[in-house]
Each structure stands twice: as C-alpha cells, then as structure tokens.
Amino acid sequence: MQFRIFNIPIDSSDSLAMEEMNAFLRAHRILEIDRQFVKMEHGGLWTFCISYVERAKAGIDNKATKPKIDYREILPPQQFAVFAELRKIRKNMAEAEGIPAFAIFTNEELAAIAQLDELKPDALLSINGIGQKKAEKYGAKLIETFEKHNAHETTRPSA
C-alpha cells in the first residue's frame, strides 16, 4: 500500500490540482481517502491523503481484465450455498470495518473455503492468498459466524 497527498486550494480558479487528483484516482486502485480542511490566513485548502495500490501490483491490467467467474456454474450446489453464505458474512465484516469486501477475502478465496472439508483456522492457511495475518484477523470471525448460522439453520423446524 502506498500513500499520496494532494492539496486543493479552495480559492483557486485554477482547477489543475483537482484535475491531477481526479486523473490519479482513475488510474489507481484506491483503498482509502482521508480528507482534512486546513484553514489558512487567506482562505484554506483541502488536503487529501490517498492510500492506494498500483493497478499492476493489484493484479489489474488496464487493457484486459480477468473474465468474471460465475461460481454458481463452477461449484456444486451445496458448496455454492456455503460460498453464498460466506459472501454475506464477508460483506457484514467489511461494512463493520469500512473497507472493501475483497480486502477481507476475495471471491476466489471464499470459493476455496467453501470447498474445504472442515472450516478450521489451520485449513484456511492452505488456501492461496490467505496468510497467517489474514487468517488471524478474519478467519476466526468468519468461522464463528458461519457456524452460528449453520447451527441456527439445522435447528430450524422444517416446513
């Protein structure tokens, strides 16, 4: 992750600084933007601190993107149901932290998790893209929420 700071004067009729920032935003994968208004003796300015990842490092090619994968076609129905539930849990976790869902687990990682025989912390480490830190930070919460949901589903009376 890298950072870039832009200062945009509010009293400037020159929009070059704003155009530069907008071009930067379009050209990079933005993770977070923090803004602060700085009051000065003769006006003020907006300061933007932007955390980002280079598109090439993020695996994003400007000329050709990866084809979208339909996991409903790839996964058997039971595994797809697990995958769908894991996506809901990931979405809730991402909203709680205010970060993009893919920063927690990618769809590819969730599909691999859905294919595991047992959803255990150690098993998460066997998945490409999930390291020790990600497993520690998100794995336990994902597993706990998933198990609670499944326990609720299995105790629900059938119609």
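All figures in this text were calculated on a predicted structure; none of them were measured in a lab.

Fine structural detail should not be taken from predicted coordinates in areas where pLDDT scores are low. Predicted confidence across the chain gives a mean pLDDT of 83, with 84% of residues reaching 70 or more. No element of the chain has a lower mean pLDDT than helix 6 (residues 132–155), at 77, and none a higher one than helix 4 (residues 107–114), at 92. Scored below 50 in pLDDT, residues 155–159 makes zero contacts in the model with residues more than four places away or belonging to other chains.

Let's shift gears to the packing of helix 3 (residues 77–97) against helix 4. Packing of helix 3 against helix 4 brings their axes to within 8 Å, and their N-to-C directions diverge by 130 degrees. One element, helix 3, and the other, helix 4, form an angle in the oblique class. When you trace helix 3 past helix 4, the crossing you get is right-handed. Counted together, Q79, V82, F83, L86, R87 and R90 of helix 3 and N107, L110, A111, I113 and A114 of helix 4 form the full contact between these two elements. In terms of residue class, the contact of helix 3 with helix 4 is made up of seven nonpolar, two polar and two charged.

With that settled, consider the environment of L124. As for its placement among the helices and strands, L124 is situated in helix 5 (residues 121–124). Residue classification places L124 among the buried residues on the basis of a relative accessible area of 0%. The spacing of L124 and L110 is 14 residues in sequence and 9.9 Å in space, taken between C-alpha atoms. Leave out the neighbours within four places in its chain, and L124 touches I113, L116, L119, I130, G139 and I143.

Cut-offs and rules
- Residues numbered from 1 in each chain as written.
- Predicted model: local features only at pLDDT ≥ 70, side-chain atom pairs only at ≥ 80, totals over all residues.
- Heavy atoms only, no water.
- pLDDT = per-residue confidence, 0-100.
- Helix = DSSP H or I, 4+ residues; strand = E, 2+ residues; numbered from the N terminus.
- Contact = heavy atoms within 4.5 Å.
- Axes fitted to C-alpha atoms, helices over the stretch in contact; angles between N-to-C directions.
- Parallel < 35°, antiparallel > 145°, perpendicular 65-115°, else oblique.
- Left-handed = near helix turned anticlockwise from the far one by under 90°.
- Nonpolar A, V, L, I, M, F, W, Y, C, P; charged D, E, K, R; others polar.
- Buried < 20%, exposed > 50% of the residue type's maximum accessible area, 1.4 Å probe, protein only.

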